Amino acid sequence: MSGLPAATIRRLQKLPQVPSVWEGDRHTLLGLPPLGSQTEGECILWVDGIQGVVRAMEVVPAGSGVEPMVRTLIMAMEQPHAASPARPQKIVVRDREVQFFLRGILHELDIKVECQPALPLIDEILQSFQEANGRIPPPLPENYAELLAGRALTLWRDAPWNYLEDHQILALDLNHWDIQTLYVSVMGRLGMEYGVLFYRSLPSLKQFRQDAGQPDTPEEMEEAFLRQDCLYLTFQARHPELNELPDLDLAELDSDEIEPNFGTIHPLEGLRVTLQEDEAAVLAVALEALHRFFKQYHRKLAEDFQPYQGRYRIPNPQAEGETLSVQVRTLPDLAAELLELEGDEEEEHTQTLLRDDLVPEGAQLGLGVLPWTTVEMLRRTGQWHPLPQSKLVQRGEGLPVVIVRTSRSKAKQLIENLRGEGGPQGVCFNTGVDPFDGDRYDLEIVQTGNRDLHLFGEFPEDDPVHSMARKRWERRCQETGGYCGLVVAMGVNSARPELQVRHILALFEMQALNPTGLGLGPMVRIGRQLHLP
């Protein structure tokens, strides 16, 4: 057993010693209110038996040994809650093993360590915790917990984020529980946060989307978040440790590993994670209506966000045998308005500057070809994004494509960013020059619908592998009448390096462009950016 460092002992010896007896113990969190971010583990308490105050309280993982008792005791001496730093004359613990351990650790600090089965003050505190926990309302009314959890997981399996963007709003006409219409926004298209927001008013939805595009600080973003007026359903991993993973994509988990969370946000009330009975009833009906709507229209929604509507008889959870008539409809005009609002917030960029902010860091780039059978399959599954008034000719072995492979979440983010730029329209190869060392590069440049130019690849001009791939690319583009594609795929570190169809998340149709038609000549590198001279 190692003792305290000599420097720590000298530091603690400088604290005044008070004629007080402290009680110390640890208990599981079962039956206790969660403390901090921990919901499982053990709570360590050190209490001043004379003053009747908690000097230190810490939550530690279950089975973490005796050492945390010492760490929390030092905290109680040096950084106590609502008390002055001090050393006690005596401490009392309930566990004999802990007593022997502390005796060996604290013998140089002149602190007596005793053991007794009853710790009156700590027992009283634990009792008050349990009573307070009993007064905390459950997240959902008891008679709705199973119903809402089941309908939430049904919606998870529907996976509407696979074909709906968050600006493609649905109207859910309820006309019950003081709510006429809920405006539904689906989150999850980017593979980041999955859920559904049910706005109680259209102005609230519009205001939030406008406010969310303007804040410069986390505090301003939080304030915009709390000004929403909505009910919400979000999803997280059932096991807390998975939620701590930075690159976790919930869609990769099985449905039995997913846990739904419900709540409400109001400008005057803020965030509340418990639902009243009427609020639970609203969500129960809304989730069932959405499920039926997605079951009816998911294939059409995957193709385009056009006017669709459905009316459904949904059982009223508050009145046995009674049903409610609920209509769900798409709002394509509102979706266009919200998308235009986001477009107005985009910064203007000059054509002379080649942007280098679309391709994710660490992505794999290449040129290749997709067989026409694969293109047709992607067209049927809704992953094919053709150009307006396309005149693509299916000649040759397949469609020549630019391939970008990255992680699933980054691939979804790239797809969203491309759509926000108006979609990729064309690609060209142009010369780039580094004026300092004279090196010349073949620049792979993609033009998006907003006329911006984006650097996708940069290859040494004398690279024989790239030169051969580009010659094959140009030949295939001639066969297709100048049409090509941009593949966004996942599986950058896959054990099978060749591109699999299941890896493809989107295929955008483009045209092969001539750099002179874009007003481009050789570009010069200045710092990390490429400009026209």
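Caption draft 1: Here's a closer look at the overall build of the protein. Counting its secondary structure elements, the protein contains 13 helices and 24 strands. Residue burial in the protein is summarised as follows: out of 533 residues, 46% are buried. Within the protein, residue pairs in contact and separated by at least 24 positions form 66% of the contacts whose partners lie at least 6 positions apart. Accessible area of the protein: about 27300 Å², with a carbon and sulfur share of 50%.

Caption draft 2: Representation of the pairing of strand E17 (residues 399-406). Judged by how many residues are buried, E17 sits mostly within the fold: eight of eight residues are covered. Burial along E17 is two-sided: Leu 399, Val 401, Ile 403 and Arg 405 facing one way and Pro 400, Val 402, Val 404 and Thr 406 facing the other are all buried. Strand direction decides the pairing type here: strand E15 (residues 364-370) and E17, joined by seven bridges, are antiparallel. Counterpart to Gly 366 in the pairing with E17 is Ile 403. Of the pairings in the sheet, the one linking E17 to strand E21 (residues 483-490) comprises six bridges and is parallel in character. In the strand pairing of E21, Arg 405 is matched with Ala 489.

Caption draft 3: Representation of the pairing of strand E2 (residues 42-48) within the structure. For E2, the tally of buried residues reaches seven of seven residues, placing the bulk of the element in the interior. With burial as the criterion, each face of E2 is covered, one bearing Glu 42, Ile 44, Trp 46 and Asp 48 and the other bearing Cys 43, Leu 45 and Val 47. As judged from the seven bridges shared by strand E1 (residues 17-28) and E2, these two strands associate in the antiparallel manner. Bridging across to E2, His 27 finds its partner in Cys 43.

Caption draft 4: Fine view of the environment of Gly 65. Residue position: Gly 65 is located in the loop between strand E3 (53-60) and helix H2 (67-78). For the pair formed by Gly 65 and Val 98, sequence separation is 33 residues and the distance between their alpha carbons is 9.7 Å.

Caption draft 5: Representation of the packing of aromatic side chains within the structure. By the definition in use, this model includes ten aromatic pairs. Aromatic pair Tyr 163 and Phe 294: ring centres 6.2 Å apart, planes at 75°, arrangement edge-to-face. Highlighted residues: Tyr 163 in the loop between helix H5 (145-158) and strand E6 (170-176) and Phe 294 in helix H9 (residues 277-303), separated in sequence by 131 residues. Of the two residues examined, Tyr 163 and Phe 294, each falls in the buried class. Pairing Phe 293 with Tyr 297 gives two aromatic rings, centres 5.0 Å apart and planes at 50°, and the pair type is tilted. Here the residue Phe 293 and the residue Tyr 297 both occupy positions in helix H9, the gap between them amounting to four residues, near one helical turn. Within the aromatic cluster, the residues linked to one another by ring pairs are Tyr 163, Phe 293, Phe 294, Tyr 297 and Tyr 308.

Caption draft 6: Geometry of the side chain of Thr 330. Mapped onto the elements of the fold, Thr 330 is located in strand E13 (residues 323-330). When its relative accessible area of 6% is taken as the criterion, Thr 330 is described as buried. A polar side-chain atom of Thr 330 sits 2.7 Å from the main-chain carbonyl oxygen of Gln 306. At a separation of 2.8 Å, a polar atom in the side chain of Thr 330 contacts the main-chain amide nitrogen of Tyr 308.

Caption draft 7: The sheet that holds strand E4 (residues 87-93), seen in detail. Spatially, the five strands line up as an open sheet ordered E3-E2-E1-E4-E5, and their pairing is mixed. Two strands close off the open sheet at either side, each with one partner strand: E3 and strand E5 (112-115). Going from strand to strand, the sheet's axes swing by 20° on average, the running direction of each strand aside. Looking at chain direction, E4 and E5 are connected through four bridges and run parallel. Bridge pairing in E5 links Val 93 to Cys 115.

Caption draft 8: Focus on the packing of H2 against helix H3 (residues 96-106). Running from amino to carboxyl end, H2 crosses H3 at an angle of 55°, the nearest separation of the two axes being 10 Å. The pairing of H2 with H3 is recorded here as oblique in orientation. Once H2 is placed against H3, the crossing between them reads as right-handed. Residues Glu 67, Met 69, Val 70 and Leu 73 of H2 form the contact with H3, whose participating residues are Val 98, Phe 101, Leu 102, Ile 105 and Leu 106.

Caption draft 9: Structural detail: a nonpolar patch on the surface. Taken together, the side chains of Phe 225, Leu 271 and Val 273 make up a nonpolar region of the molecular surface, amounting to roughly 260 Å² of accessible area. Following the sequence through the fold, Leu 271 ends up in strand E11 (residues 270-272).

Caption draft 10: Here's a closer look at the pattern of salt bridges. Inspection of every chain in the model, using the stated rule, returns 25 salt bridges. The shortest N-O distance in the salt bridge between Arg 272 and Glu 279 comes to 2.8 Å. Residue Glu 376 is joined to Arg 379 by a salt bridge in which the shortest nitrogen-to-oxygen separation is 3.3 Å. Linking Glu 376 with Arg 379, this pair stays in helix H11 (residues 372-380), spanning three residues, or about one helical turn. When its relative accessible area of 26% is taken as the criterion, Glu 376 is described as partly exposed. Assessed through its relative accessible area of 36%, Arg 379 is described here as partly exposed. Look at the salt bridges and you will find they share partners, linking Arg 355, Asp 357, Glu 421 and Asp 452 into a network.

Caption draft 11: Examining the sheet that holds strand E7 (residues 179-187) more closely. Here we have eight strands laid out as an open sheet, ordered E11-E10-E9-E8-E7-E6-E13-E12, and antiparallel in their pairing. Two strands lie at the open edges of the sheet, namely E11 and strand E12 (309-315), each paired on one side alone. Across the sheet, the axes of successive neighbouring strands diverge by a mean angle of 25°, strand direction being ignored. Sheet topology note: the E12/E13 ladder contains seven bridges and is antiparallel. From the neighbouring strand, Arg 311 faces E13, where its bridge partner is Gln 327.

Caption draft 12: Layout of the nonpolar core. Ranked by internal contacts, the top residues of the largest apolar core, which has 53 residues, are Leu 148, Leu 172, Phe 198 and Leu 290. The element contributing the most residues to this core is H9, with 14 residues. Filtering out sequence-adjacent residues up to four positions away, Leu 172 remains in contact with Gln 180, Thr 181, Leu 182, Val 184, Ala 286, Ala 289, Leu 290, Val 326, Gln 327 and Val 328.

Procedures and definitions
Residues numbered from 1 in each chain as written. Predicted model: local features only at pLDDT ≥ 70, side-chain atom pairs only at ≥ 80, totals over all residues. Heavy atoms only, no water. Helix = DSSP H or I, 4+ residues; strand = E, 2+ residues; numbered from the N terminus. Buried < 20%, exposed > 50% of the residue type's maximum accessible area, 1.4 Å probe, protein only. Contact = heavy atoms within 4.5 Å. Areas by Shrake-Rupley, 256 points an atom, 1.4 Å probe, with all protein chains shown as cover. Pairing = 2+ DSSP bridges. Phe/Tyr/Trp six-rings, centres within 6.5 Å; stacked < 30°, edge-to-face > 60°. Polar contact = N/O pair within 3.5 Å; in protein donor to acceptor, adjacent residues only side chain to side chain. Axes fitted to C-alpha atoms, helices over the stretch in contact; angles between N-to-C directions. Parallel < 35°, antiparallel > 145°, perpendicular 65-115°, else oblique. Left-handed = near helix turned anticlockwise from the far one by under 90°. Patch = residues over 30% accessible without salt bridge, like charges linked within 9 Å, V, L, I, M, F, W, Y side chains within 5 Å. Salt bridge = Lys/Arg side-chain N within 4 Å of Asp/Glu carboxyl O. Core = buried A, V, L, I, M, F, W, Y, C linked by side-chain atoms within 4.5 Å.

It is worth stressing that arrangement in space is one thing and function is another; only the former is reported here.
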